[in-house]
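Commentary on secondary and tertiary structure
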Amino acid sequence: MSRTLQRIIEFFSGCGRCNKRNRNERQDILIMNQDIACAPMPPQGVRLHIQDRYVVMDNGICQVTLSKPGGIVTGIRYNGIDNLLEVRNKETNRGYWDLHWNEIGGKGIFDVIQGTSFRVIMENEEQVELSFTRTWDPSLEGKYIPLNIDKRFIMLRGSSGFYSYAIYEHFKEWPGFELGETRITFKLRKEKFQYMAIADNRQRYMPFPDDRSTGRCQPLAYPEAVLFVNPMDQRLTGEVDDKYQYSCENKDLRVHGWICFDPPVGFWQITPSDEFRSGGPLKQNLTSHVGPTTLAMFLSAHYAGKYMVPRFEAGEPWKKVFGPVFIYLNSATPGYDPLWLWEDAKIKMMVEVQSWPYSFPASEDFPKSEQRGNVNGRLLVQDRYISNDYLIASGAYVGLAPLGNAGSWQMESKNYQFWTKADQNGLFSIRNIRPGDYNLYAWVPGFIGDYRNEVVITISSGCNIEMGDIIYEPPRDGPTLWEIGIPDRSAAEFHVPDPDPKYINRLFVNHPDRFRQYGLWERYAELYPDGDLVYTIGASDYRKDWFFAQVVRKTSDNSYQGTTWQINFKLDNVDRSGTYKLRVALASATLAELQVRVNDPNTNRPLFTTGLIGRDNAIARHGIHGIYMLYNVDIPGTRLVEGDNTIFLKQPRCNGPFQGFMYDYIRLEGPPTSC
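Rules behind the numbers
- Residues numbered from 1 in each chain as written.
- Predicted model: local features only at pLDDT ≥ 70, side-chain atom pairs only at ≥ 80, totals over all residues.
- Heavy atoms only, no water.
- UniProt positions renumbered as here; feature names shortened; annotations may be inferred.
- Helix = DSSP H or I, 4+ residues; strand = E, 2+ residues; numbered from the N terminus.
- Rg over C-alpha atoms; globule rule 2.2 N^0.38 Å.
- Buried < 20%, exposed > 50% of the residue type's maximum accessible area, 1.4 Å probe, protein only.
- Contact = heavy atoms within 4.5 Å.
- Polar contact = N/O pair within 3.5 Å; in protein donor to acceptor, adjacent residues only side chain to side chain.
- Domains from an automatic or database assignment.
- Buried area = accessible area lost by both parts, 1.4 Å probe.
- Salt bridge = Lys/Arg side-chain N within 4 Å of Asp/Glu carboxyl O.
- Pairing = 2+ DSSP bridges.
- Axes fitted to C-alpha atoms, helices over the stretch in contact; angles between N-to-C directions.
- Core = buried A, V, L, I, M, F, W, Y, C linked by side-chain atoms within 4.5 Å.
- Expected span 1.5 Å × (residues − 1).
- Phe/Tyr/Trp six-rings, centres within 6.5 Å; stacked < 30°, edge-to-face > 60°.
- Lys NZ or Arg CZ within 6 Å of the ring centre and 35° of its normal.

Per an unreviewed UniProt entry, the protein chain carries the name rhamnogalacturonan endolyase and comes from Herrania umbratica. Looking at the protein chain in UniProt, the text filed under Subcellular location (unreviewed entry) is "Secreted". The UniProt entry for the protein chain carries the following comment under Sequence similarities (unreviewed entry): "Belongs to the polysaccharide lyase 4 family."

Okay, structure coming up:
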């Protein structure tokens, strides 16, 4: 058995639930795979047909038609289906690159990127690569984003699918702009693709797009969310649909797509690397949703807000390669369960991941493996209040990102990032890094804060840098007096209520991601009708007694009120000359303010306030986190008393239903001691 095959078996043996299929069945798929989209390589090489208005790539397995010179994917022929894309749509609304941008200070503009020039980059029996470019000049100011855009499409011999990537370039002589979003969109035939799969435990039959039309659904709190009242499939009556329920973190967003059952065909979008995505491994992005629509997201402000939107000034040169990503097509022979197409797509995803960086893209702007570098080391944690010895940073996220401050990678969206997870010994190896200057960043589950190494790491072609042992000292002044939650940048460990029975997505009933149900923010007032949350150290359990989000309270006149949560705790002794430290790690914030008061909720001025913070909108968009923020509050010993104490956490901003926080972790430390 090959090492690659063995690693794939190990990967699936360790993955989560798999629709009740057992481990042996996962391995069976490797045998079955010869009957699923893995026929022997056909004798036909890749052929290119250039017509007046179209260009067609054909390798005998699939045939892809693109508009010329626009570079819009108008047709995909595969396995006897003349076009997998929605033929009812206009040709410009089937498969396309798009972006959302604005002039600095101007209004947003949505743009389906149409090329104005076409050329063949490579054409032989093994590979075809096509280029569709749009070149900017000053006469286009205000109409098109000031970028040169080169969209590329690649088809390989014997490959069941095709690749796409793009090169965006801004010259310093050009005006500035902001780029809110860019992606690839595919819209499939609604009568054929009705089953969507994002993960082993996130797949289902989906509603028709017609079900979101007037008369078949009821609008909810925002346009993306609807309640089905008369769907074409009556079994969906009473369910909620919202594309944000299917969002996913970058680190887990490798493959997703759709299955057609007659004939059994799969359409999958595979992203083999995160290097070109914004925001690092925890950034959440859209995946697939009702349409049937499949997205390859490269840059967006979702779950982050305007802070994630890159702003390019006049005089600022910039170039970035997005992709390549792979559109994988597979099919099953009669007699096999079509849902195995998902298992096959995961296997193909692993092959693509292990093939990164690809050797075949022709652009010099995409460096090959030998032109990249590697960084290795070991991360340790030093916290003298836990241990006098160094602690192993097992499972730490370690990455290279552009120069910045600790944690700045969360908002970084202009350049490239490279991340890995440390093993059980804290060892890490970050491979295939593009040449350039970086800082090394990390965060460790179980510890608060962000690590940043002071050294500027310069990656050059072929380099292999050994960092040795690096030490992270998480924020700590004194011993832990009490703590609430788990420091993991998520609010998932707290109490997530059952949804209102009127607003159910059945996929998430008895599901680990129960936070993805609609309307959970409204459950707070129902669970706490007579007063806000009160948590008592030593008696309360954060898994049951700490609501997952500090939201506003809706009143009888449909207005909103801020909320004040209380943490009650006892102190046997108080060092009145010392300073205590309250650590508040936030997993999310949306147009909110955290005010901290101690033992007196009515003081005019709080001991501490964040001011207005956050725009990640994770409460409305069913995320269990957004952007991580850590606040450290000094509490003079004179504010505390021996016996009963209370910390008041007030969120006063209340202009709408989605303002509030999600907490990650809260800790009270005593004054420093010698240890």
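A word on the overall build of the protein chain
A tally of regular secondary structure across the protein chain gives five helices and 46 strands. At 26 Å, the protein chain has a C-alpha radius of gyration in line with the 26 Å of a compact globule built from 675 residues. Considered along the principal axes of its C-alpha atoms, the protein chain spans approximately 85 × 60 × 60 Å. When each of the 675 residues of the protein chain is scored for burial, the buried share is 57%.

A word on the environment of Ile-448
Summarising the element assignment, Ile-448 is placed in the loop between β30 (436-443) and β31 (451-452). Sequence separation between Ile-448 and Ser-67 is 381 residues; the distance between their C-alpha atoms is 51 Å. Ignoring sequence-local partners within four residues, the contact set of Ile-448 consists of Tyr-472, Pro-474, Pro-475, Pro-487, Arg-583, Tyr-628, Leu-630, Tyr-665 and Arg-667.

Topic: the UniProt feature "domain: Rhamnogalacturonan lyase" (unreviewed entry) in the protein chain
Per the UniProt record, the feature "domain: Rhamnogalacturonan lyase" (unreviewed entry) sits at residues 394-466 and 480-668. Taken end to end, residues 480-668 is 5% helix and 39% strand, and its first and last C-alpha atoms sit 6 Å apart.

Details of the environment of Asp-557
Looking at where Asp-557 falls in the secondary structure, it is placed in the loop between β37 (553-554) and β38 (560-561). For the pair formed by Asp-557 and Thr-271, sequence separation is 286 residues and the distance between their alpha carbons is 48 Å. A polar side-chain atom of Asp-557 sits 2.6 Å from a polar atom in the side chain of Ser-559.

Topic: the domain arrangement of the protein chain
Looking at the assigned domains, one finds that the protein chain contains domain 1 (47-355), domain 2 (369-472) and domain 3 (480-669). Relative to domain 3, the C-alpha centre of domain 2 lies at a distance of 31 Å. Listed by partner, the interface residues are eleven residues for domain 2 and nine residues for domain 3. Each partner contributes to the roughly 880 Å² buried at the junction of domain 2 and domain 3, and carbon and sulfur atoms together form 60% of this total. Contact with domain 3 buries area across many residues of domain 2, yet Gln-410, Trp-443 and Ile-448 alone supply 60% of it, more than any other trio. As a salt-bridge pair, Arg-489 and Asp-450 come within 2.8 Å of each other at their nearest N and O atoms. Here domain 2 is connected to domain 3 by five residue pairs in polar contact (both at pLDDT 80 or more).

Digging into the sheet that holds strand β8 (residues 127-134)
Pairing is antiparallel across the open sheet formed by nine strands, whose spatial order is β7-β8-β9-β10-β24-β19-β18-β12-β13. Looking at the sheet topology across the chains shown, the edges are occupied by β7 (117-123) and β13 (202-205). Neighbour to neighbour, the strand axes of the sheet diverge by 15° on average, direction disregarded. Running over the sheet, helix α3 (residues 340-354) touches β10 (161-170), β12 (193-199), β13, β18 (255-261), β19 (264-270) and β24 (318-331) and is turned about 35° from β19.

Focus: the nonpolar core
Ranked by internal contacts, the top residues of the largest apolar core, which has 106 residues, are Tyr-168, Phe-186, Leu-379 and Leu-440. With eight residues, the single largest contributor to this core is β24. Leave out the neighbours within four places in its chain, and Tyr-168 touches Trp-97, Asp-98, Leu-99, Ile-113, Leu-147, Asn-148, Ile-149, Thr-182, Trp-318, Lys-319, Lys-320 and Phe-322. Grouped together as the second largest cluster of nonpolar side chains are 63 residues, Ala-589, Ile-619, Ala-620 and Leu-640 included.

Section: α3
The terminal C-alpha atoms of α3, which comprises 15 residues, lie 22 Å apart, in line with the 21 Å expected from a rise of 1.5 Å per residue. For α3, a buried count of eleven out of 15 residues is recorded, marking the element as mostly surrounded by other parts of the structure.

Some points on the side chain of Thr-563
The residue Thr-563 is located in strand β39 (residues 563-571) in this model. By relative accessible area, Thr-563 is classed as buried at 0%. When neighbours within four sequence positions are excluded, Thr-563 is seen to be in contact with Tyr-524, Asp-532, Gln-550, Val-551, Val-552, Arg-553, Leu-649, Lys-650 and Gln-651.

Some details on the pattern of salt bridges
Tallied over the entire structure, the rule returns 47 salt bridges. Close ionic contact of Glu-239 with Arg-506 constitutes a salt bridge, the shortest N to O distance being 2.9 Å. In this pair, Glu-239 sits in the loop between β15 (226-228) and β16 (240-241) while Arg-506 sits in the loop between β34 (480-485) and α4 (523-527), placing the two residues 267 residues apart along the sequence. Classification of Arg-506 by relative accessible area gives partly exposed; the value is 44%. Residue Arg-277 pairs with Asp-274 through a salt bridge whose shortest N-O separation is 2.6 Å. Note on Arg-277: relative accessible area 3%, which makes it buried. Beyond isolated ion pairs, a larger network of salt bridges with shared partners links Asp-477, Lys-581, Arg-583, Asp-634, Arg-667 and Glu-669.

Focus: the pairing of strand β1 (residues 47-50)
Across four bridges, the pairing between β1 and strand β2 (residues 54-58) is antiparallel. By the bridge assignment, Leu-48 is partnered in β2 with Met-57. Connecting the antiparallel pair β1 and β2 is a turn made up of three residues.

Comments concerning the packing of aromatic side chains
Following the criterion strictly, the structure yields 50 aromatic pairs and no others. Seen in terms of ring centroids, Tyr-358 and Phe-360 are 4.8 Å apart; in terms of plane orientation they differ by 20°. Their pairing is stacked. Both rings, one in Phe-494 and one in Tyr-542, keep their centres 5.9 Å apart while their planes meet at 80°; by these two values the pair is edge-to-face. Placement of the pair is Phe-494 in the loop between β34 and α4 and Tyr-542 in helix α5 (residues 542-545), with a sequence separation of 48 residues. Judged by its relative accessible area of 3%, Phe-494 is buried. Sitting above the plane of the Tyr-416 ring, Lys-320 keeps its charged end 5.5 Å from the centroid. One Lys or Arg, Arg-434, reaches over the ring of Tyr-416 and ends 4.1 Å from the middle of that ring.

Regarding the pairing of strand β4 (residues 73-78)
Of all six residues in β4, five are buried, a share of seventy percent or more. Examined bridge by bridge, strand β3 (residues 62-67) and β4 share five bridges and lie antiparallel to one another. Paired with Cys-62 across the bridge in β4 is Tyr-78. Between β3 and β4, which pair antiparallel in sequence order, lie five residues; one of them, Gly-71, sits at a positive phi of approximately 75°.

Points about unusual backbone geometry
Of the consecutive residues Lys-68 and Pro-69, the connecting peptide bond is found in the cis state with omega at 10°. For Pro-69, the location among the structural elements is in the loop between β3 and β4. Here Gly-323 and Pro-324 are connected by a cis peptide whose omega angle stands at 5°. Following the sequence through the fold, Pro-324 ends up in strand β24. We note that Asn-432 has phi near 60°; this positive angle belongs to a residue other than glycine.

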